Amino acid sequence: MPEPKRRNTRQKDAVKHALGETKGFVSAQQLHMVLQNHGSSIGLATVYRALTDLTESGDADSLQSKDGAVLYRACTPAHHHHLICRDCGKTVEIEAHQVEKWADQVAQSHGFTQPSHNIDIFGICSACHSGK
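### Digging into the overall build of the chain
For the chain, the helix and strand inventory stands at five helices and six strands. Considered along the principal axes of its C-alpha atoms, the chain spans approximately 55 × 50 × 25 Å. For the chain, the residues scored as buried account for 30% of the 132 residues in total. Here the analysis covers contacts within the chain between residues at least 6 apart in sequence; of these, 44% occur between residues at least 24 apart.

Here you go:
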């Protein structure tokens, strides 16, 4: 039986809006602080639930930082990949049609069907590189 869709709520809309206003990836705690600084009474647990919903619906991306924290970023729902700066967190959405073909071929060669994937490419952006 399919899981019921979670409804949109005022709190979820507020989290989505705040996430869209941030630059790069942020933690749930950082986003909660932004909301509090703007007078919101939304609790941290609600922020986590909203971020989980937004990630599942494709409206947000998540990744694990070097220190193990999960970070979130507003995102377009269309399938894409990211270039992420290891220093400043700058993130660029990229389309990678060759990756799609490669993933399908690898899955098929191992007898898998219906492959899916998430690919993030980490490096140093030009601004951070020139500053060193």
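### Description of helix α1 (residues 10–21)
Three- or four-residue spacings in an α-helix give side chains the same orientation, since the helix completes a turn every 3.6 residues. Between its first and last C-alpha, α1 extends 17 Å over twelve residues, near the 16 Å set by a 1.5 Å rise per residue. Taken as a whole, α1 has its buried residues at Lys12, Val15, Ala18 and Leu19. Buried residues of α1 fall within an arc of 130° about the axis and therefore sit on the same side. Facing away from the buried side of α1 by more than 90 degrees, the exposed set consists of Arg10, His17 and Glu21.

### Side note on the packing of α1 against helix α3 (residues 44–57)
It is the contact of α1 with α3, at a shortest axis distance of 9 Å, that shows an interaxial angle of 75°. Regarding the angle of α1 to α3, the classification is roughly perpendicular. Residue-level contacts link Gln11, Lys12, Val15, Lys16 and Leu19 of α1 to Thr46, Val47, Ala50, Leu51, Asp53 and Leu54 of α3. Considered class by class, the residues forming the contact of α1 with α3 number six nonpolar, two polar and three charged.

### So, unusual backbone geometry
Its identity as a non-glycine residue notwithstanding, Gln114 has a phi of 55°, on the positive side. Classification of Gln114 by relative accessible area gives exposed; the value is 76%.

The rules we used
Residue positions are given per chain, counting from 1 as you read along its sequence in written order. Owing to the predicted nature of the model, reporting of local features is limited to residues with pLDDT of at least 70; listing and counting of side-chain atom pairs is limited to 80 or more, with chain, interface and lining totals taken over all residues. Calculated side-chain values reflect all of the structure's heavy atoms, with hydrogen atoms and water omitted. Comment: elements are numbered from the N terminus, with helices defined as DSSP H or I runs of at least four residues and strands as E runs of at least two. The cut-offs for exposure are 20% and 50% of the maximum accessible area for each residue type, with area from a 1.4 Å probe on protein chains only; residues under the lower value are buried, those over the upper are exposed, and the others partly exposed. The contact definition used throughout considers only heavy atoms, calling two residues in contact when any of these lie within 4.5 Å. How far a helix is expected to stretch is found by multiplying one less than its residue total by 1.5 Å. The arc refers to the directions leading from the helix axis to the C-beta atoms. The convention used is that axes are lines fitted to C-alpha atoms, helices contributing only their stretch in contact, and that angles between N-to-C directions extend from 0 to 180 degrees. Any angle between 65 and 115 degrees counts as roughly perpendicular, while under 35 counts as roughly parallel, over 145 as roughly antiparallel, and the rest as oblique. Ten residue types, Ala, Val, Leu, Ile, Met, Phe, Trp, Tyr, Cys and Pro, are classed as nonpolar, four, Asp, Glu, Lys and Arg, as charged, and the remainder, Gly among them, as polar.

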